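Residue-level listing of the chains:
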Amino acid sequence: MYVSNLDFQVKEEDLRQLFAQFGEVTSVKVIKDRETGRSRGFGFVEMSSDEAANNAITSLNNKELSGRAISVSQAKEREDRPRRSLW
């Protein structure tokens, strides 16, 4: 699942605990800026079953976490993008 509008202080363990109430969480990744190491405000959560993931999406989308209404949706495959030229 794709989780966005995260407060920059939200940690992977915070998301794991939030999603665990709907089933087994198999992985959590908060995406961080390469330069600063600071959260970019979004991440990904994987669960052991589609049913658990669907329940989490339904229950957590637009719910408040650390003062912000998070957005939870099914993650889409990353599209291939052309590499940027440095020159």
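Just so it is clear, the structure is predicted and the values come from calculations on it, not from any experiment.

Draft legend 1. Fine view of the environment of F42. Locating F42 in the fold gives a position in strand β3 (residues 39-47). The exposure class assigned to F42 is buried, which follows from its relative accessible area of 18%. Look past the residues within four positions of F42 in its chain and what remains in contact with it is Y2, V3, S4, L6, V30 and I31.

Draft legend 2. Focus on helix α2 (residues 50-60). Among the residues making up α2, those that are buried are A52, A53, A56, I57 and L60. For α2, the angular spread of the buried residues around the axis is 135°, confining them to a single face. Summarising the geometry of α2, the exposed residues directed more than 90 degrees from the buried face are D50, E51 and T58. Check the buried side of α2 and you find it contacts α1 (12-20), β3 and β6 (71-73).

Draft legend 3. Spatial organisation of the packing of aromatic side chains. A complete count under the given rule lists three aromatic pairs for this structure. Ring geometry for Y2 and F44: centres 5.6 Å apart, planes at 50°, overall tilted. One end of the pair, Y2, is in strand β1 (residues 2-4); the other, F44, is in strand β3, and 42 residues separate them in sequence. By relative accessible area, which is 29% here, Y2 ends up partly exposed. A relative accessible area of 34% places F44 in the partly exposed class. Where F42 meets F44, the ring centres are 6.2 Å apart and the plane angle is 85°; that geometry is what we call edge-to-face. Following the ring pairs from residue to residue traces out a cluster consisting of Y2, F42 and F44. Geometry around F8 places R38 over its ring, the cationic atom sitting 4.0 Å from the centre.

Draft legend 4. A look at the nonpolar core. One finds M1, V3, L15, F19, V45, M47 and V72 to be the most contacted residues of the largest nonpolar core, which totals 20 residues. Listed by contribution, the elements that provide at least two residues to this core are α1, β2 (25-32), β3 and α2. Excluding its chain neighbours within four sequence positions, the residues that come into contact with F19 are M1, V3, V25, V45, M47, A56, L60 and V72.

The rules behind the values
- Residues numbered from 1 in each chain as written.
- Predicted model: local features only at pLDDT ≥ 70, side-chain atom pairs only at ≥ 80, totals over all residues.
- Heavy atoms only, no water.
- Helix = DSSP H or I, 4+ residues; strand = E, 2+ residues; numbered from the N terminus.
- Buried < 20%, exposed > 50% of the residue type's maximum accessible area, 1.4 Å probe, protein only.
- Contact = heavy atoms within 4.5 Å.
- Arc of directions from axis to C-beta.
- Phe/Tyr/Trp six-rings, centres within 6.5 Å; stacked < 30°, edge-to-face > 60°.
- Lys NZ or Arg CZ within 6 Å of the ring centre and 35° of its normal.
- Core = buried A, V, L, I, M, F, W, Y, C linked by side-chain atoms within 4.5 Å.

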